[in-house]
Amino acid sequence: MAQIPNSQEVYDVIVVGSGAGGGTATRVLTSKGMKVALLEAGPMLDPFKEFLEHKMPADYDHRGAEEGGASYFGKGKPFGFFSTTSGGWQLEGEPYTVGEGSKFEWFRSRIVGGRTNHYGRMSFRFSDFDFKPYTRDGLGFDWPISYEDISPYYDKAEEFIGVCGSIEGIRSAPDGKFHTPPPPKVHETLIKKSCDKLGIPCIPNRRAVITKSINGRAPCHYCGQCGRGCQTASAYSSSQVEIFPAMKTGLVKVFDNAMVREVLSNGNGKVNGVLYVDKRTREHRVIRGKAVILAASACESARILLNSKSKEFPNGLANGSGLVGRYLMDTVGFGLSGYVPALEGMPHYDTEGYGGAHLYMPWWDWEKHNKLDFPRGYHIEIGGGYGMPGVGSYHGAARTYGYGKDMKQNIRQRYGAAVGFSGRGEMIPNALSYTEIDPTVVDQWGIPVLKFHFKWSDHEWRQARHMERTFTQIIEGMGGKVLGLNNAQRESGGISVPGTIIHEVGTVKMGLNAKNSVLNGFTQAHEVKNLFVVDGGSFVSNPDKNPTLTINALSWRACDYLSEEMRKGNV
Amino acid sequence: MSNLLNIAPASPDGRPGRRELIKAVAFAVVATGGLVEDVEAAQHVHAEAVSAQKATGIYTAKEMSAAEFKTLGKLAELIVPADDVSGSALDAGAPAFIDLLCSQNKQLATTYHGGLAWLDAEMNRKFSKSFVNATVEQQTAMLDLLVEADKSERARMDESAVVKKSDFRDFSDYTFKQPHPQAAGAKFFDWVRKMTVDAFYTSPIGIKDLGFMGNGAYSKYEVPKQSLDYAMKRSPFA
């Protein structure tokens, strides 16, 4: 087909994807004076149009049920009308397939900023032992880098994006450069007391929300609506915090609605551009660059590499090892909620805080694996408080209490008296969990789609049962009663549906050599010196820590390395 | 300076002043080094969002007949009645909410047209009166029956429609659980109940009833000692 070159311009670096990895890369590279082309498969973001931060349900005639009551039929926005997801579990015209016997759900955001516009903003450093898991227990693989390699970049990332937290000295949760965290809420104080009795550390949460002004960003004003996007950019998003400021330098050109099909190579072991579909015109276009950084999300980057076939790379770009798409991981999720009579009738107050729990529980038993029936560990996230009533909030209560004054009184009395726990644990990479190109299906742009295969092993199942026992103990320890599964839809059956924690990583793993990995420790392709992958694809393991902060840090480190190598003439 | 906010294109939905106020938050912060002065500006942003709420005017039904709309109103008053804390779901605009969504969705409209007709037919059969013309005792007797039917139908679906004998040999050993006689009405009742409850608790009346105090703007987040003391005293940690 006709391929239209965009212009004669050759960019220093082409960045594909505008989430945490791509946003960081764009900012770091432009700050060094490099010219960047940033491609995003969705449209430009307008925070003042997209972010419904300060709205209440009654501001809309549909109250959040959406046009025609779409949310009642499971056809509303994935996390509710008010969330800033700009994507979903399924995108029209952009399917994926799942192998027989597997379950996998793939969440994609198509907008500048990607999933960082709405994500949970949990920002946990990996621990020193997280980089050497194979050495510890013989499972999975060691990373080619250590905590000492990444630590300076955790410092930089935390200082730049802004993370709240406290200095605790807990090995599983290394301390960082923190803003002052907000104080615990009442239900969290009770949870902490219960955890104290069980020997489980319960410490101030670490979220990418600022409590003092930095870089012209206002401190958090505690409206509690981070998931809707933050108009004052007090909560980190790569769009507002990295890409928009980078655009002001004049060094970045953003190509939105640009669906990358493949990375182009020059036949001499290097890449020299990308081929993309302009979604507005359906035309194929080419952009040329001296280096290419993929940051399209782990699976999408794997897809681009696998679809970039040439004489030189018949199995896909940088895929001599055959490992592109392999060792796909998600986080192990399990949730349980409890009813706490001590909270009943409490004088109400504003429990929104900085938009998430103010405390969390990092993993505590890292030295007691001989007493556990599963490897690695998990952290616990907390829910509770007087949340904003929304469509669907009281359907369960209505079904329990019938109707009338009795139902009304019960809903009133129980409001804010429940707590929820979500375990987020480490999965061991396995050979049955991977993604590949489905040779029988293309999307509406003509690009072959991904097919997913996934299996939880006994390691993950046993860990989920440990979560269940632990949450039960915490709930009962505070005089509460277990209510049942939290997030029932996504975490039914006793363990989360693979993919639904939206921590999918791996598939383009880093390692020491071209035989056992795709990338080196700088996320540079072993086989292609001017190609990098800075999303979660490079992850060798998926520790219980939510991946975004590590993506920020690894991307920053990769860009420092790339610019230095380009200066030296090595790339 | 506040480059993040300047670069964003203007809000196209015609909310004059809103963007400027949000900008003011950031400017105030920069000007004062992030101290308290920004709060007032932040609060303006929220105050403006709230004042933009539509005033409750007279709603003209788009989908329902006058009789249907009236029945929805009666149901709303019974499902979430007024009490000494707050008004009813009728006060909170439940019939208008339901009518609007029905006018946008044929499937939903059919559920309501059919369900309301079923309700009046059943009331006529039992009490020789339409729902709105029946006594409160008759109306609640019907709703009680529908609550029971809903629970029974839910249990039936939860388990399985078929029960297998332990010494299963052939299909004659299966017994099919019978649907509740009011099963069709129960489905409609579940719809009208959940949408009425939603309309109530998402309204300013419902928000006030529950005492939701969030989505505000403060320079500092504090937890009242009074609340903490209350819960601690009642907890095992007292």
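Residues numbered from 1 in each chain as written. Chains lettered and ligands numbered in written order. Predicted model: local features only at pLDDT ≥ 70, side-chain atom pairs only at ≥ 80, totals over all residues. Heavy atoms only, no water.

1. Focus on the overall build of chain B
So, point 1. Tallying secondary structure elements over chain B gives 10 helices and two strands in all.
So, point 2. When its helices and strands are written in sequence order, chain B yields α-α-α-α-α-α-α-β-β-α-α-α.
So, point 3. Put simply, chain B has 238 residues, and 45% of those count as buried.
So, point 4. Within chain B, contacts between residues at least 6 apart in sequence are counted, and of these 60% link residues at least 24 apart. (Helix = DSSP H or I, 4+ residues; strand = E, 2+ residues; numbered from the N terminus. Buried < 20%, exposed > 50% of the residue type's maximum accessible area, 1.4 Å probe, protein only. Contact = heavy atoms within 4.5 Å.)

2. Details of the pairing of strand β15 (residues 434-442) of chain A
Residue and element names in this part refer to chain A.
So, point 1. Inspection of the sheet shows β15 paired to strand β16 (residues 448-453) by five bridges, in the antiparallel sense. Opposite Tyr 434, over in β16, you have His 453 as the bridge partner.
So, point 2. Where β15 folds back onto β16 in an antiparallel hairpin, the turn is made up of five residues, including Gly 446, whose phi is positive at roughly 85°. (Pairing = 2+ DSSP bridges.)

3. Looking at the interface of chain B and chain A
So, point 1. The interface is formed by 92 residues belonging to chain B together with 91 residues belonging to chain A.
So, point 2. A buried area of about 7,500 Å², summed over both sides, lies between chain B and chain A, and 65% of it is on carbon and sulfur atoms.
So, point 3. Counting across the chain B and chain A interface gives four salt bridges.
So, point 4. Residue B:Asp209 pairs with A:Arg412 through a salt bridge whose shortest N-O separation is 2.7 Å.
So, point 5. For the pair chain B and chain A, the interface holds 33 residue pairs in polar contact (both at pLDDT 80 or more).
So, point 6. Here the side of chain B that touches chain A takes 11 residues from helix α8 (residues 183-201) of chain B, the largest share from any one element.
So, point 7. Each residue belonging to the side of chain B that touches chain A can be placed in one class, and the counts come to 52 nonpolar, 24 polar and 16 charged. (Buried area = accessible area lost by both parts, 1.4 Å probe. Salt bridge = Lys/Arg side-chain N within 4 Å of Asp/Glu carboxyl O. Polar contact = N/O pair within 3.5 Å; in protein donor to acceptor, adjacent residues only side chain to side chain. Nonpolar A, V, L, I, M, F, W, Y, C, P; charged D, E, K, R; others polar.)

4. Section: the sheet that holds strand β4 (residues 97-98) of chain A
Residue and element names in this part refer to chain A.
So, point 1. Strand order in this open sheet of three strands is β4-β16-β15, and the pairing throughout is mixed. The outermost strands of the open sheet, each flanked by one partner alone, are β4 and β15.
So, point 2. As paired strands, β4 and β16 are joined by two bridges and run parallel to one another. Among the inter-strand pairings, Thr 97 is bridged to a residue of β16, identified as Lys 451.
So, point 3. In the packing of helix α7 (residues 298-307) onto the sheet, contacts are made with β15 and β16, and the angle to β16 comes to roughly 125°. (Axes fitted to C-alpha atoms, helices over the stretch in contact; angles between N-to-C directions.)

5. Description of the packing of helix α4 (residues 66-79) of chain B against helix α7 (residues 136-158) of chain B
Residues and elements named next belong to chain B.
So, point 1. With their axes 11 Å apart at the nearest point, α4 and α7 run at an angle of 75° to one another. Put simply, α4 runs roughly perpendicular to α7. Of the residues in α7, those touching α4 at Lys 74, Leu 75 and Leu 78 are Gln 139, Thr 140 and Leu 143.
So, point 2. The residue inventory of the contact of α4 with α7, partitioned by class, reads three nonpolar, two polar and one charged. (Parallel < 35°, antiparallel > 145°, perpendicular 65-115°, else oblique.)

6. Side note on the pairing of strand β14 (residues 418-425) of chain A
Residues and elements named next belong to chain A.
So, point 1. Among the eight residues in β14, seven count as buried, and that is most of the element.
So, point 2. Bridging between strand β11 (residues 332-339) and β14 involves eight bridges; their strand directions are antiparallel. Bridge pairing in β14 links Leu 336 to Phe 421.

7. Observations concerning the nonpolar core
Nonpolar side chains in soluble globular proteins tend to be buried together.
So, point 1. Counting residues in each nonpolar core, the largest one holds 204 residues, and the members touching the most others are A:Leu39, A:Ile293, A:Met361, A:Leu531 and B:Tyr112.
So, point 2. Considering each element in turn, this core owes the most residues, 10 residues, to helix α12 (residues 548-568) of chain A.
So, point 3. Setting aside anything within four residues of it in sequence, one finds B:Tyr112 in contact with B:Met64, B:Leu72, B:Ile98, B:Cys102, B:Phe188, B:Trp191, B:Val192 and B:Met195.
So, point 4. Counting residues in each nonpolar core, the second largest holds five residues, with A:Met259, A:Val277, A:Trp445 and A:Ile447 among its members. (Core = buried A, V, L, I, M, F, W, Y, C linked by side-chain atoms within 4.5 Å.)

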